[in-house]
Amino acid sequence: MKKIFAMLLAVVLAFSCLALASCGNANDAEAKEVKAALICLHGDSSTYDKNFIDAFKTACANKGLSEDDYTIITDIEENEECYQAAADFADDGYNVIFADSFGHEPYMLNAAKEFPNVQFCHATGTQAHTANVSNFQNAFASIYEGRYLAGVAAGLKLLEIYDTDKDGAIADEEAKIGYVGAHPYAEVISGFTSFYLGVKSVVSNVTMEVRYTGSWYDETGEKTTAEALIANGCKLISQHADSMGAPTACENANIPNVAYNGATNKTNTFVIASKINWIPYFEYMIDCVANGKDIDADWTGTLKNGAVQITALGGAAAAGTQAKLDEVVAKLNDGTLKVFDTDTFTYKGEKLTSYLADVDDDGTFTGETEVVIDGYFHESEFRSAPYFNLIIDGITIVE
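A short tour of the structure in this document, coming up. For clarity, every value in this text was computed on a predicted model and none was experimentally measured. (Residues numbered from 1 in each chain as written. Predicted model: local features only at pLDDT ≥ 70, side-chain atom pairs only at ≥ 80, totals over all residues. Heavy atoms only, no water.)

Before going further, it helps to examine the pattern of salt bridges. Scanning all chains against the criterion turns up eight salt bridges. The partner of K157 in a salt bridge is E160, with the nearest N and O atoms 3.1 Å apart. Note that K157 and E160 are positioned in helix α6 (residues 143-162) at a spacing of three residues, about one turn of the helix. Relative accessible area serves as the criterion here: at 11%, K157 is assigned to the buried category. Classification of E160 by relative accessible area gives partly exposed; the value is 37%. Here K176 ties to E209 by a salt bridge, and the two come within 3.0 Å at their closest N and O atoms. Here K176 is found in strand β6 (residues 176-181), whereas its partner E209 is found in strand β7 (residues 207-212), with 33 residues between them in sequence. Overall, K176 belongs to the buried group, its relative accessible area being 19%. Among the residues examined, E209 registers a relative accessible area of 11% and is labelled buried. (Salt bridge = Lys/Arg side-chain N within 4 Å of Asp/Glu carboxyl O. Helix = DSSP H or I, 4+ residues; strand = E, 2+ residues; numbered from the N terminus. Buried < 20%, exposed > 50% of the residue type's maximum accessible area, 1.4 Å probe, protein only.)

Moving on, we come to the pairing of strand β11 (residues 298-301). With burial as the criterion, only one face of β11 is covered, namely that bearing W299 and G301; the residues D298 and T300 on the opposite face remain uncovered. Of the strand pairs in this sheet, strand β5 (residues 136-141) and β11 are connected by four bridges, and their pairing is parallel. Paired with N138 across the strands is D298, a residue of β11. (Pairing = 2+ DSSP bridges.)

Let us look at the sheet that holds β5. One open sheet holds the six strands; their spatial order is β2-β1-β3-β4-β5-β11, and the pairing between them is parallel. Looking at strand neighbours, the two that pair on one side only are β2 (70-73) and β11, the edges of this open sheet. Shown here is a sheet whose adjacent strand axes are inclined to one another by a mean of 20°, direction ignored. Sheet topology note: the strand β3 (residues 96-99)/strand β4 (residues 119-123) ladder contains four bridges and is parallel. When the sheet's bridge partners are listed, V96 is paired in β4 with Q119. The strands touched by helix α2 (residues 47-62) within the sheet are β1 (36-39), β2, β3 and β4, with β2 carrying the most contacts at an inclination of about 175°. Lying on the sheet, helix α10 (residues 279-290) is in contact with β1, β3, β4, β5 and β11; it crosses β3 at an angle near 155°. (Axes fitted to C-alpha atoms, helices over the stretch in contact; angles between N-to-C directions. Contact = heavy atoms within 4.5 Å.)

Attention now goes to unusual backbone geometry. Residues other than glycine seldom take positive phi values, yet N132 does so here, at roughly 60°. Counting through the fold element by element, N132 comes out in the loop between α5 (128-131) and β5. Phi at N254 takes a positive value of approximately 55°, unusual for a residue other than glycine. Mapping N254 onto the fold places it in the loop between α9 (245-253) and β9 (257-260).

Another aspect to go through is the packing of helix α8 (residues 219-231) against α9. The contact between α8 and α9 brings their axes to 7 Å, and the two run at 40°. One way to sum up the angle between α8 and α9 is to call them oblique. Handedness of the crossing formed by α8 with α9: right-handed. Where α8 approaches α9, its residues E219, E222, K223, A226, E227 and I230 are matched on the opposing element by G245, A246, T248, A249, C250, N252 and A253. Considered class by class, the residues forming the contact of α8 with α9 number six nonpolar, three polar and four charged. (Parallel < 35°, antiparallel > 145°, perpendicular 65-115°, else oblique. Left-handed = near helix turned anticlockwise from the far one by under 90°. Nonpolar A, V, L, I, M, F, W, Y, C, P; charged D, E, K, R; others polar.)

Before going further, it helps to examine the environment of T225. As for its placement among the helices and strands, T225 is situated in helix α8. Judged by relative accessible area, which is 11%, T225 ranks as buried. C-alpha separation for the pair T225 and V180, spaced 45 residues apart in sequence, amounts to 6.6 Å. In contact with T225, not counting residues within four places along its chain, are V180, R211 and T213.

Below you can see the structure in the form of structure tokens.
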């Protein structure tokens, strides 16, 4: 009888364990369920937004999310429309929502305050590290590294075109380049400065004209702006712009072009492009939500972790460019080369020895953080979004 009782007890205990294990697995599965949303300023005709869209789809697939687990919406303006979209996603059970444009930030922050159990992530923003809202995060990357590399490739292209006597000298009028900018924000200024410094590391007497379009995406405006730069004697054009406008102007004028976010390798004048690869961040973001872990308030991707990339060289790239880029990448990665080394540029005729940057964005645009330390400007180290906003010597803003 005791033997039968023991056997019955064992069976009961076994079923109990199975039941408990089953509950545990169900809870784990529930805890790991992720519903993700991406809010974009434009659609995939914008190289900027397409870069996010492609990365988001890839990251979701890599993490096992089906198309039922994520949603992408486009053409969401930088106004209350963004807040409403984020709030609607939160109401519909999404637990992580990402917006891709600078002007989305205040609306995402408001939504985060209203829905504390949902994670709200935002690209290029400045407020997460001081807002103290635990479910609101910013992310960006040290894209200045990629811009610098693109500048090196551009400098080599200038040498190839104009160094006819092969002594390394280029006439001043041949060392003039142009840049199509979107807005006079630190993100744009940091980008074109690092690009310029990359060119300058190859062509010491290079000068650069910058014209702003006043828009993140305006194909007609970007094309006419590039045409104006070319008409003013610029021998190579780069851009912080999101359409094929500037590359088209370069193609029509047979002027080399350095792009951003997307390769324009269907054109004959394409040299190279730099881009932020958002896959590492999106995968990290999904993993954090799936495992109940905090997302960094201010995440900065780098060349080392694959978040900063340059494209394959275009057909217009100079011979020997890849070998030179490999050399520069190694120096950036081991820290022996700093993009904003203050020995490589001047500001108002003098070496920059100190600068208080507006890192803690309180709306007053007042600098409070010393960022020139150990001989270089520490860009994107005190927060992810750029804060380099100086117009250094050799760069001219054309109104």
